[in-house]
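Chains, contacts and geometry: an overview
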Amino acid sequence: MQPLKYALKTSQTLRQSPLSLVIWQIFRTYRTTSNFKTKVYPELEKQQDNGVQRDFSSRLATGPTFQHFLRNALTPQEESEKSDSSAAVEDLPPYLSTEALVGKRRKVYLETYGCQMNVNDAEIAWSILEKNGYLRTNSLHEADVILLVTCSIREKAEQAIWHRLKRLKSVKARRLKSQVPLRIGILGCMAERLKEEILQREQLVDIIAGPDSYRDLPRLLTLADSGQRSANVLLSLEETYADIMPVQTSPNATSAFVSIMRGCDNMCSYCIVPFTRGRERSRPVASILEEVKKLSEQGLKEVTLLGQNVNSYRDNSEIQFNNAAPTNLSRGFSANYKMKKGGLRFADLLDQVSRIDPEMRIRFTSPHPKDFPDEVLHLIQERNNICKQIHLPAQSGSSRVLEIMRRGYTREAYLDLIHHIRETIPGVSLSSDFIAGFCGETEEDHLQTLSLLREVRYNVGFLFAYSMRQKTRAYHRLQDDVPEEVKQRRLAELITAFREGAAEANMAVVGHTQLILVEGPSKRSTTELCGRNDVTLEA
Ligand code: 5AD
Ligand code: SF4
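Residues numbered from 1 in each chain as written. Chains lettered and ligands numbered in written order. Predicted model: local features only at pLDDT ≥ 70, side-chain atom pairs only at ≥ 80, totals over all residues. Heavy atoms only, no water.

Labelled according to an unreviewed UniProt entry, the protein chain appears under the name Mitochondrial tRNA methylthiotransferase CDK5RAP1, originating from Sarcophilus harrisii. The heading Cofactor (unreviewed entry) in the UniProt record of the protein chain holds the text "[4Fe-4S] cluster". We quote the UniProt Catalytic activity (unreviewed entry) comment for the protein chain here in full: "N(6)-dimethylallyladenosine(37) in tRNA + (sulfur carrier)-SH + AH2 + 2 S-adenosyl-L-methionine = 2-methylsulfanyl-N(6)-dimethylallyladenosine(37) in tRNA + (sulfur carrier)-H + 5'-deoxyadenosine + L-methionine + A + S-adenosyl-L-homocysteine + 2 H(+)". (UniProt positions renumbered as here; feature names shortened; annotations may be inferred.)

Below you can see the structure in the form of structure tokens.
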């Protein structure tokens, strides 16, 4: 019942703060099914239609009643009964009509930070706003609404947002009185992590929407129009935005991202993601297939299946999927949670998606190494259009550190998996994530990570210095005891080892002919193009 705890925690924190008490009481959010529930109050509308100047008592009569507040202040018991349904969207308060939610052709500027999930979330948010009469702009200076889709994974990512907000202050201040006031919103992980603290700290922020609250954006923006700053940060057990097809923003795009699942149940001890994005839930297979078919009809040549733990995919939405089949993990790997059973799994999904259009390349990110059973590996090997590229985040090369990180594998099990993958999928391209200087990491642990990098020789690597995050297990139980300069030195050493390995791995394909999907001009040179191969080697 972890997610319920998140939801209740959220509401409790909000209730404790005097500033947000009123906001909370009036705009308390609870979960409804996926469609926006609105209430129309005929008396109020009639008065507005007639243009009648209401006196104070008649305004009181038509405003929110004491019952309205009572109705919204549920007991924890009532709250728990409601918390298992989908999107977090509030009934409209009596003083807002459905029409008030329309964007009136205001221009929205979206700025995205962090991972690919955020890029996709920005498109989901935009899709919702577009349906509500907003327009999109690529120019900050044209914008009536600026929305930042934020990341919390490391402190640096959050600092970038705080700096950006400082700069936006002057943009807001320069706004002409004759224009509609500029509205600024924080969306995504940072909204979820800091909640109303952002509203308190940054007076210029008007709305806060967590990753499961994008359906509520039109209402939050409408409240902002009436001068009220508000937040919706409830996490959901079910929200996958399955019915919201993100808008393809670039007409020349060759490649698209399709979200297949959200959230994470792994609870690695360093990671904030389970707290900002909530529990793992998968989008029903039918809606994924429909979206991929549409993209194929539009002529797209590549689809990347997206999720925090993409290969933990499990669709339980149909009765026939709900057998008691046990879950096969990679050999020597374990999960931090009680093993789940049944459901349509990642191998089934990959099988069906890759059959839609044999000319369309399929990729997926980001997976967890524990969920690579043989059926997934064989499918990648067999299907020509599934790219032979696997991301296998190792995080550390030391079994001792991996245990403290709660990764569910040892160095040996990870290396066995690498060998098994290379045997099963010859020529496969491998990438990984590593963290330098995690709590308690010794010089010996660090040398183990260096030796893993040298042994595997990844093609692509993402390397980070450890950044302690509040709420995580590490924050509560471990000491962030590796000095910053040591973290940075170790990170630099990891980068060097990675680069040497990648240079060798890439040299091995020099002289081979590769089929490249061109993505556009190279950033480094106007005379070169940039694109990706699928790593099926042709001699
Ligand atoms: N500090 C540094 N890196 C982190 N990552 C996740 N949490 C942290 C943290 N607290 C890295 C992991 C993960 C990637 C997305 O970000 O390597 O795989
Ligand atoms: Fe974070 Fe671990 Fe989940 Fe990845 S698997 S999102 S690192 S908790």
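A look at the packing of aromatic side chains
Within this structure, the stated rule accounts for 8 aromatic pairs. Through a chain of ring-to-ring contacts, the aromatic side chains of Tyr270, Phe438 and Tyr466 assemble into a single cluster. It is arginine 154 that lies over the ring of phenylalanine 464; its NZ or CZ is 3.7 Å from the centre. Here the basic side chain of arginine 201 rests over the ring of tryptophan 162, its NZ or CZ set 3.7 Å away from the ring centre. (Phe/Tyr/Trp six-rings, centres within 6.5 Å; stacked < 30°, edge-to-face > 60°. Lys NZ or Arg CZ within 6 Å of the ring centre and 35° of its normal.)

Quick word on the site of ligand 1
Close contacts around ligand 1 come from Ile153, Arg154, Tyr270, Gln395, Asp433, Ile435, Phe464, Ala465, Tyr466, Ser467 and Arg469, and that covers them all. Between ligand 1 and tyrosine 270, the relevant distance is 3.1 Å, taken from a nitrogen atom to a main-chain nitrogen or oxygen of the residue. Burial of ligand 1 by the protein amounts to 86% of the accessible area it has alone, namely 400 Å². When residues of the shell around ligand 1 are traced back to their parent elements, those giving at least two are strand S15 (429-436) and strand S16 (460-465). When its residues are assigned to classes, the shell around ligand 1 shows 6 nonpolar, 2 polar and 3 charged. (Near = heavy atom within 4 Å. Polar contact = N/O pair within 3.5 Å; in protein donor to acceptor, adjacent residues only side chain to side chain. Areas by Shrake-Rupley, 256 points an atom, 1.4 Å probe, with all protein chains shown as cover. Helix = DSSP H or I, 4+ residues; strand = E, 2+ residues; numbered from the N terminus. Nonpolar A, V, L, I, M, F, W, Y, C, P; charged D, E, K, R; others polar.)

Topic: the nonpolar core
Core analysis: the largest hydrophobic core is formed by 59 residues, its most contacted members being Ile260, Leu305, Phe346, Leu350, Ile390 and Tyr458. Element by element, the count of residues in this core is highest for helix H17 (residues 411-424), at 6 residues. Sequence-distant contacts of isoleucine 260, defined by excluding residues within four places in its chain, comprise Ser282, Arg283, Ile288, Leu305, Leu306, Val310, Tyr313, Phe346 and Leu349. (Core = buried A, V, L, I, M, F, W, Y, C linked by side-chain atoms within 4.5 Å. Buried < 20%, exposed > 50% of the residue type's maximum accessible area, 1.4 Å probe, protein only. Contact = heavy atoms within 4.5 Å.)

Here we look at the site of ligand 2
Residues in contact with ligand 2, as listed here, are Cys264, Asn266, Met267, Cys268, Tyr270, Cys271, Val273, Pro274, Asn309, His368 and Arg407. Class assignment for the residues of the shell around ligand 2 results in 7 nonpolar, 3 polar and 1 charged.

Side note on the packing of H17 against helix H18 (residues 443-456)
The interhelical angle for the contact between H17 and H18, taken along N-to-C directions, is 10°, at an axis separation of 12 Å. When the axes of H17 and H18 are compared, the pair comes out roughly parallel. Along its contact with H17, which presents Arg411, Tyr414, Leu415, Ile418, His419 and Arg422, the element H18 presents Gln448, Ser451, Leu452, Glu455 and Val456. Of the residues in the contact of H17 with H18, the class split is 5 nonpolar, 3 polar and 3 charged. (Axes fitted to C-alpha atoms, helices over the stretch in contact; angles between N-to-C directions. Parallel < 35°, antiparallel > 145°, perpendicular 65-115°, else oblique.)

Quick look at the packing of helix H15 (residues 374-382) against H17
Direction vectors running N to C along H15 and H17 enclose 35°, while the axes themselves pass 9 Å from each other. Between H15 and H17 lies a crossing whose hand is right-handed. Residues Asp374, Leu377, His378 and Gln381 of H15 pack against His420, Ile421 and Thr424 of H17. Looking at the contact of H15 with H17 residue by residue, the classes come out as 2 nonpolar, 4 polar and 1 charged. (Left-handed = near helix turned anticlockwise from the far one by under 90°.)

Topic: the side chain of histidine 446
By secondary structure assignment, the location of histidine 446 is in helix H18. Accessibility expressed as a relative area gives 1% for histidine 446, which makes it buried. Contacts of histidine 446, omitting those with residues within four sequence positions, involve Glu441, Arg489, Arg490, Glu493 and Leu494.

Structural notes on empty space enclosed by the protein
In this structure the tally under the stated criterion is 5 cavities of 30 Å³ or more. Contributing to the lining of the second largest cavity are Glu280, Ser312, Arg314, Thr327, Leu329, Tyr337, Met339, Lys340, Arg345, Lys370 and Asp371. A breakdown of the residues in the lining of the second largest cavity according to their chemical character gives 3 nonpolar, 2 polar and 6 charged. (1 Å grid on protein atoms, 1.4 Å probe; cavity = no way out; pocket = protein on both sides within 12 Å on 5 of 7 lines; lining within 4 Å. Points joined across faces, edges and corners; volume = space filled by probe spheres on them.)

Examining helix H8 (residues 155-173)
Here H8 is 19 residues long and its end C-alpha atoms lie 28 Å apart, about the 27 Å a rise of 1.5 Å per residue gives. Every buried residue belonging to H8 is among Glu158, Ile161, Trp162, Arg164, Leu165, Leu168 and Val171, and all of these are buried. (Expected span 1.5 Å × (residues − 1).)

Comments concerning the environment of arginine 154
Assignment of secondary structure puts arginine 154 in the loop between strand S3 (145-150) and H8. In this structure, the C-alpha to C-alpha distance between arginine 154 and glycine 114, residues 40 residues apart in sequence, is 9.8 Å. Dropping the residues within four chain positions of it, arginine 154 is found in contact with Phe464, Ala465, Ser467 and Arg469.

A word on helix H14 (residues 346-356)
All of the buried residues along H14 are Phe346, Ala347, Leu349, Leu350, Val353 and Ser354. Each buried residue of H14 lies within a common arc of 160° when the element is viewed along its axis, so the set occupies one face. On its buried face, H14 is in contact with helix H13 (285-297), strand S10 (302-306), strand S12 (344-345), strand S13 (361-365) and H15. (Arc of directions from axis to C-beta.)

Section: unusual backbone geometry
The peptide bond linking threonine 365 to serine 366 adopts the cis configuration, its omega dihedral lying at 0°. Counting through the fold element by element, serine 366 comes out in the loop between S13 and H15. The phi dihedral of tyrosine 241 is positive, around 55°, even though this residue is not glycine. Mapped onto the elements, tyrosine 241 comes out in the loop between strand S6 (230-232) and strand S7 (255-259). Tyrosine 241 gets classed as buried once you look at its relative accessible area, which sits at 1%. Positive phi is not limited to glycine here, since arginine 457 has a value of about 55°. Tracing the backbone through its elements, the reader meets arginine 457 in the loop between H18 and S16.

A word on the environment of glutamine 470
Note that glutamine 470 resides in the loop between S16 and helix H19 (473-477). For glutamine 470, a relative accessible area of 42% translates into the label partly exposed. With 277 residues separating them in the primary sequence, glutamine 470 and arginine 193 have C-alpha atoms 9.0 Å apart. In contact with glutamine 470, other than residues within four places in its own chain, are Arg193, Ile272 and Tyr475.

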